[in-house]
Amino acid sequence: MTAAIGPMTPRRAHRPRGARRTAVAWLFLAPFTLVFLLYTVIPTVAALGFSLTDLRGADLRHPLAVDFTGLHNYVRLSEDPSFLRDILNTVLFVAVGVPLTMGTGFALAVALNSGIRRMRGVFRTVFFAPVVTNVVAVALIWQYAFNADGTVNKVLGAVGFAGPNWLDDTHLAMPVVILLGVWRNFGIAMVLFLAGLQAIPKDVYEAASLDGADRWRQLRHITLPLLLPTTLLVSVLLTVFYLQVFDEPYLLTDGGPLGSTESVALYTYHQFGAGEFGMSSAASFVMLLLVTVVSIVQFRLLRPRA
């Protein structure tokens, strides 16, 4: 009996030690878990519940007296011309903003990696500065620059062109808003692409040069394929940003003129400001669905294949 009990003794001795490690691990995880529950999980679940009710601003005094409406708010969204227009506006933000931002960031990354030899650190800082610049201050400058009497029209007038009132034109306001988004975010794409380029071994390019491959063939057959994981990362990050774009249209035009620059995120904000909490919550979950679907499609199309 003693020999049978003996081998089990070390296991029993290890159990309290493992329990202590688990307790210490949860102790370190507790601050993050608490913050995550308070500011992510609970608000998300509450918003989902609100989206299934007719909760409005007048119901805040008696939130438990609201009626359960099921998917009625989602049906209202599908029948709201303004919301459908804002979905198209958001798709336009993504379709135009993401390629422009990625193209600008990639071109600058290639230039910093191989073309620019002197003062690389200065150029990196200058190109990345828009990412950390206060967006409110930038928006005020852009409003003045694209005003009817702003800097852009003065430059156009100096060369003989009469500039329009950019932000009050339903056809021109959107390009200005997208341009601000590109200016703010190309620095992120540049830094990520530059990190990907620097991770590619130089021996690969040297071997390709010995085989007679010029710069274009090296870019097409070496750089772009090996940069595919970085391209996927940049694409997903920028797509999520443009799907949730809020700052640029809100600060420049507040969704105008005539809703031509209103995004889904801005529509959600306007509904919340109008006291339509149920509609606002439903719109936010539609936006979450868009982000999820588009991200899955991107991972399917751009993931590296063996």
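All of the points below concern the structure found in this document. (Residues numbered from 1 in each chain as written. Predicted model: local features only at pLDDT ≥ 70, side-chain atom pairs only at ≥ 80, totals over all residues. Heavy atoms only, no water.)

**Describing unusual backbone geometry**
So, step 1. Backbone torsion omega between Gly 256 and Pro 257 reads -10°, so that peptide bond is classified as cis.
So, step 2. Position of Pro 257 among the secondary structure elements: in the loop between helix H12 (247-252) and helix H13 (264-273).
So, step 3. With a phi close to 55°, Asp 254 is a non-glycine residue in the positive phi region.
So, step 4. Along the chain, Asp 254 falls in the loop between H12 and H13.
So, step 5. Positive phi values are uncommon outside glycine, yet Leu 258 reaches one of about 55°. (Helix = DSSP H or I, 4+ residues; strand = E, 2+ residues; numbered from the N terminus.)

**Let's talk about the side chain of Thr 223**
So, step 1. Looking at the secondary structure, you find Thr 223 in helix H10 (residues 215-226).
So, step 2. Within the local environment of Thr 223, its side chain forms a polar contact with the side chain of Tyr 205, the two groups lying 2.7 Å apart.
So, step 3. With near-sequence residues (within four places) excluded, Thr 223 lies in contact with Phe 106, Leu 197, Ile 200, Tyr 205 and Gln 218. (Polar contact = N/O pair within 3.5 Å; in protein donor to acceptor, adjacent residues only side chain to side chain. Contact = heavy atoms within 4.5 Å.)

**Let's talk about the pattern of salt bridges**
Between side chains of opposite charge, a pair can form when the charged atoms approach closely.
So, step 1. Counted according to the given criterion, the structure contains 5 salt bridges.
So, step 2. For Arg 85, the salt bridge identified is with Glu 262, shortest N-O distance 2.8 Å. Residue Arg 85 is found in helix H4 (residues 81-115), and its partner Glu 262 is found in the loop between H12 and H13; the two are separated by 177 residues along the sequence.
So, step 3. On the basis of relative accessible area, Arg 85 is assigned to the partly exposed category, the value being 28%.
So, step 4. Measuring nitrogen to oxygen at the nearest pair gives 3.7 Å for the salt bridge that ties Asp 247 to Arg 184. Taken together, the residues span a long stretch of sequence, with Asp 247 in helix H12 and Arg 184 in helix H8 (residues 173-198) at a distance of 63 residues.
So, step 5. Residue class for Asp 247 comes out partly exposed when judged on its relative accessible area of 30%. (Salt bridge = Lys/Arg side-chain N within 4 Å of Asp/Glu carboxyl O. Buried < 20%, exposed > 50% of the residue type's maximum accessible area, 1.4 Å probe, protein only.)

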